[in-house]
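# Breakdown of the fold
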Amino acid sequence: MIVTLIVICEVGFWVLLALGLSLRYLARLPRAGAGVLLLEPLLEVVLLVVTAIDLKNGAEPDWKHGLAALYIGFTVAYGHYMIKWADGHFAHRFAGGPPPAGPPRYGSARAKHEAKQWLRTVLAAAVAVVLLQLAVWYVDDPSRTTSLTNWQGTAGRVVAIHGLIALSYTIWQKKPPKGEAGGVERAPVRAP
């Protein structure tokens, strides 16, 4: 049931996002669109409550509960970023907005971008670890919570791996090809 609910939450996230952005840009109802986008966190609250009820009713803590904690952590850390990304693309495609700027491709600007992404991953892992620890305390039986503590280690490994990837962008900075400055293509110069 928990895995099904995680899938429903993920699908619900994208459905609410599409509906909110459609109301904002296609129907020209920005307040209604914002209201729909504000419903996004309710999906994670529902997942959290259902997971807690599942544990309270005596379910054996296992990988599904750990996955739910990681999913909630990821959504907390990356949800706003993904909504902002989708909003920029939707505005450009359907409302005549400017093309959204992509991430920097070269040099220290790219390293800084990757460091920010890593900090989001740290936040996601921290939220997941806290939720998992609360679940361990809630179950209060060390013989049954090994799976949950293993997921805490998984969150730490994800942070470490992503940290190494982000660090690689600092150590081995990619230089822009000739004719490009910092990853942004220059407009051709026209003669008067």
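What comes next is a walk through the structure. (Residues numbered from 1 in each chain as written. Predicted model: local features only at pLDDT ≥ 70, side-chain atom pairs only at ≥ 80, totals over all residues. Heavy atoms only, no water.)

### A short note on the side chain of T75
Operational definition: Starting at the N terminus, helices and strands are each numbered in turn, a helix being any DSSP run of H or I of at least four residues and a strand any DSSP run of E of at least two. Categorising residues by exposure relies on relative accessible area from a 1.4 Å probe, with only protein chains included: less than 20% of the type maximum marks a residue as buried, more than 50% marks it as exposed, and the intermediate range marks it as partly exposed. By the criterion applied in these results, polar contacts are pairs of N or O atoms within 3.5 Å in which, for protein atoms, one can donate a hydrogen and the other can accept it, and in which residues neighboring in sequence qualify only through two side-chain atoms.
Along the chain, T75 falls in helix 4 (residues 63-95). Judged by its relative accessible area of 14%, T75 falls in the buried class. A distance of 2.9 Å separates the side chain of T75 from the backbone oxygen of Y71, its partner in a polar contact.

### Quick word on the pattern of salt bridges
In a structure, side chains of opposite charge can pair up when their charged atoms sit close to one another. Convention followed: By definition, a salt bridge exists where a carboxyl oxygen of Asp or Glu is found within 4 Å of a side-chain nitrogen of Lys or Arg.
Inspection of the entire model under this criterion finds 4 salt bridges. As a salt-bridge pair, D87 and R24 come within 3.0 Å of each other at their nearest N and O atoms. Taken together, the residues D87 in helix 4 and R24 in helix 1 (residues 2-26) connect sequence positions 63 residues apart. By relative accessible area, which is 17% here, D87 ends up buried. Residue class for R24 comes out partly exposed when judged on its relative accessible area of 24%. We note a salt bridge from R110 to E114, for which the minimum N-O separation is 2.9 Å. In this pair, R110 and E114 are both assigned in helix 5 (residues 107-139), 4 residues apart and thus about one turn of the helix distant. Judged by its relative accessible area of 18%, R110 is buried.

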